[in-house]
Structure formats: C-alpha cells, structure tokens
Amino acid sequence: METTTTSGLEGVVVADTRLSEVDGERGRLVVAGHDIERLADRATFEDVAALLWTGALPDADGRAAQQRALAEGRVAAFERLGGLGDALARVDGMDALRAATGHLSADDGFDAPARLAGALAVFAAAWLRVRGGARPIAPDPRCSHAEDLLRMIGWLEATPARVAGLAAYLVTVADHGMNASTFAARVVTSTGSDGVSAVVAAIGALKGPLHGGAPGPVLDMLDAVGHPEHAAAWIDGELAAGRRIMGMGHRIYRVRDPRAAVLERAIARLEQAGISTGRLALARAVERAAEGALRSKYPGRPLAANVEFYTAVLLDTLGIDRAAFSPIFAVGRVAGWCAHVLEQRAIGRLIRPASRYVGPTPA
Ligand code: COA
C-alpha cells in the first residue's frame, strides 16, 4: 500500500480536547472556553490551573483551595531539595529541572497536578539560587504561586506590579494545543505511565530551541542588535548566514501569535509602574525588521513574532536571569501538561503511530 510520511505530524489530529484551541489563521487562543487576552488580564495562576484541571474557573473558595494545594506542593518539594543529588548543580536550567523532577515519585504523592506544579516552581527558583551561590528560599504557603515564585527567586522584591506581570506570563503560557512537550506528555501517559514521568518527558521536549528554548536567545539577539537603528542590518545578516531569527515563526500561526500581544501589554503595564529595562522599544524595532525581512524571504509563508519574543523582554523586565527563561516557561506550562495527562488517561488509548521502512530488503 502507498503511504506518505508527515515528519512534523502537521495537520494530524491526535486527540479531542477540551483544554485549548489554537486558531492559526485568525491568531486566536482559547483556553477551556476563555480567550487568552481576558484570562491574562484577570486570572491568577491558581485560576487557570483550576480551569484546566477541573474545567471551570474557581469561585473565591475554589481559588483559595487551589492556592492551598499549590502551596502544599511547593512545601513538599522544598522538603525534598536535600535528596536531589547533584540535580540543582547542573549548568543548564532545563537539565536541572528535568533531573530534579526525575527524583520525584508518583508513589510519593507527586502524581497530583498541584504537587507537580508546586515542585517545578520550587526547583526552578532553587536552581537559580544555587547557580548564584545562594541558599534556596523556603516557600511561603500564604502567597499566591506567582508571588511565591518571585519570593523564592529572591533577587528582586515581589511588588504587586511584578507579581501581576509574572502571573500574566504564567497564565499566558499555561496551555497551547498539541505542542511538542504536551504531545510528549500525552504519549508517555498513553502507555499507562505516571504523571511524574510524563512531566519529565515534557521538560525534555520543551528544552529544545524550536520550542521553549528560544527566549534566552531572543534576549541575546536584542543585546547583539543594541540599537533600533541597527535592527534591519543585523536581521539581514542573520538570514544571509542561513540562521533562524529566534522568537519569530510558528508551526500553527499564520499571523502574529496572540500571546505576543498579551505579553507586550504586560510589559507596557510594568513600564507604567516604573519598572523598565528600556528594551521594549528595541524589541518592537527588531520585530518590525524581522517581520519585513522574513516577508521578503518567504513571501508565501507569513512568519511573525511568537510568544517567545516578548517572553524574553517580560521576564528580563521582571529581573529574572535569561538562563531561567525556559525553566520559568515550564513552571507555567506544567498546568497544561498535567491537564493533558488527566485527559489522556481518560481516553486510555495507547498512542502508537506507524513508520515507513525505507531500509534495504533482505537478500
Ligand atoms: N527565522 C528564519 N527562517 C525561518 C524562521 C525563523 N524564525 N521560521 C521559519 N523559517 C523558515 C524555515 O526555515 C523554512 O524555510 P525553508 O523552507 O527554506 O527551510 C520556512 O521559513 C518555512 O518554515 P515552516 O516550515 O513554516 O516552519 P516550521 O513550522 O518548521 O517551524 C518554528 C516553526 C517555530 C520551529 C520556526 O518558525 C522557528 O524555528 N522559529 C524560531 C525558533 C522559535 O522562535 N521557537 C519558538 C516557537 S514558539
């Protein structure tokens, strides 16, 4: 029988999901019935976690219960920091996060979504502290997840404006259709494996520069460009050298990623609160130059800014070291991973695609 190979699985639908819808033509992201713009402006991480894990935004009691559950997860993970071997000494933050999470066990209660989400926040913050030669800071269960993450990172005061900025980020990246790391989590779950294993696999997938590894390099790019006037020439040089522009392009979106606008607004709000690195204007100039140059090079394939572009500027404005951008992405996305684990478990069908053999035939 004649078969064709779709190496990137584009257009292949592997699940019916209630979690999120990515409309690549119109540039719209809906998370469990809510537009991402409204969620990012109004919801806390607790809200979106409850939305993804239960199907509905919580009321005040539900939000408090979610905050308690996440706080218990952070406290339980902090108690395990001493038993993580050399995980937090890894040079790469995603290596550290993967190794630290790999020490957890479903038998130890860490299969629960709030436990996993709590653990990733603690491990990301603790890795940053250890990397800076400081001791990890214990979680404060009275805090929201976003506030506690900033507290545990500990370099900058967790002011309401900064907490709101980080919460907007975590909410914005919490889920995004059948992206590579989510698919990895679902494949692992489909074998009957546990949630910790699924999240470890997802962290590994998120690490790659074509997925969650882009925002650090976006900031490097902004540093290299230096001034808005240099943007066009710098971009042209990169494309002429055959390199990809980080933070630009997307497998699904044919227009600008709606999350780029959400994060851009969050940065503008921080600027209004007097928190600024001055990089927003530079980023906008580089985005314009990149969009124009990519339009000339690929007239048939619109390539616009994706979520990573303004992630870099937002997290930098929040005072978070660029080495931690991908781990912080995981701290938000784990909400979606855990929701997909629950959904995949309910489906209960092994994901097992086929391959086309192109090797030699036996003599
Ligand atoms: N810079 C330069 N060229 C790019 C590009 C970018 N950011 N994104 C895509 N292209 C090029 C591709 O190389 C391809 O050219 P080719 O046919 O000559 O090989 C063409 O545009 C079409 O690419 P397409 O197949 O539509 O992209 P994809 O779906 O394979 O890739 C990404 C999607 C996200 C992997 C890709 O856009 C990319 O690498 N972006 C930079 C990394 C990034 O920001 N990742 C975070 C994603 S949220």
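Please refer to the structure higher up on the page.
Being a predicted model, the structure only gives us computed values, none of them experimental. (Residues numbered from 1 in each chain as written. Predicted model: local features only at pLDDT ≥ 70, side-chain atom pairs only at ≥ 80, totals over all residues. Heavy atoms only, no water.)

Undergrad: If you had to explain the site of the ligand to someone new, which residues and values would you point to?
TA: Of all residues adjacent to the ligand, which total 19 residues, the nearest are Arg 244, Ile 245, Met 248, Arg 251 and Arg 301. Between the ligand and the protein, one listed contact pairs an oxygen atom with a backbone N or O atom of Gly 247 at 2.8 Å. At 2.8 Å, a backbone N or O of Met 248 approaches a nitrogen atom of the ligand. Protein contact buries 74% of the 870 Å² of open area that the ligand shows by itself. Tallied by class, residues from the shell around the ligand come to 10 nonpolar, five polar and four charged. (Near = heavy atom within 4 Å. Polar contact = N/O pair within 3.5 Å; in protein donor to acceptor, adjacent residues only side chain to side chain. Areas by Shrake-Rupley, 256 points an atom, 1.4 Å probe, with all protein chains shown as cover. Nonpolar A, V, L, I, M, F, W, Y, C, P; charged D, E, K, R; others polar.)

Undergrad: An account of the pattern of salt bridges is needed here, citing residue identities and associated values.
TA: Opposite charge on two side chains makes pairing possible when the charged atoms of those side chains draw close. According to the stated counting rule, one finds 26 salt bridges in the structure shown. In this structure, the salt-bridge partner of Arg 74 is Asp 148, at a minimum N-O distance of 2.7 Å. Pair noted here: Arg 74 is in helix α3 (residues 60-79) and Asp 148 is in helix α6 (residues 145-153), with a separation of 74 residues, a long-range link. Each member of the pair, Arg 74 together with Asp 148, is buried. Asp 95 is the salt-bridge partner of Arg 98, the closest N and O atoms lying 3.2 Å from each other. Linking Arg 98 with Asp 95, this pair stays in helix α4 (residues 93-102), spanning three residues, or about one helical turn. Shared partners join several salt bridges into a network, and the residues in it are Asp 220, Asp 223, Arg 279, Asp 316 and Arg 322. (Salt bridge = Lys/Arg side-chain N within 4 Å of Asp/Glu carboxyl O. Helix = DSSP H or I, 4+ residues; strand = E, 2+ residues; numbered from the N terminus. Buried < 20%, exposed > 50% of the residue type's maximum accessible area, 1.4 Å probe, protein only.)

Undergrad: Could you give me a rundown of the sheet that holds strand β1 (residues 20-23), with the residues and numbers involved?
TA: Across a sheet, strands are paired by hydrogen bonds formed along the backbone, either parallel or antiparallel in direction. Taken in spatial order, the three strands make up an open sheet running β1-β2-β3, and their pairing is antiparallel. Each edge of the sheet is formed by a strand with only one pairing partner; in this case those strands are β1 and β3 (34-35). In terms of strand pairing, β1 meets strand β2 (residues 28-31) through four bridges, oriented antiparallel. Bridging across to β2, Asp 23 finds its partner in Arg 28. (Pairing = 2+ DSSP bridges.)

Everything listed is a geometric property; what it means functionally is a separate question.
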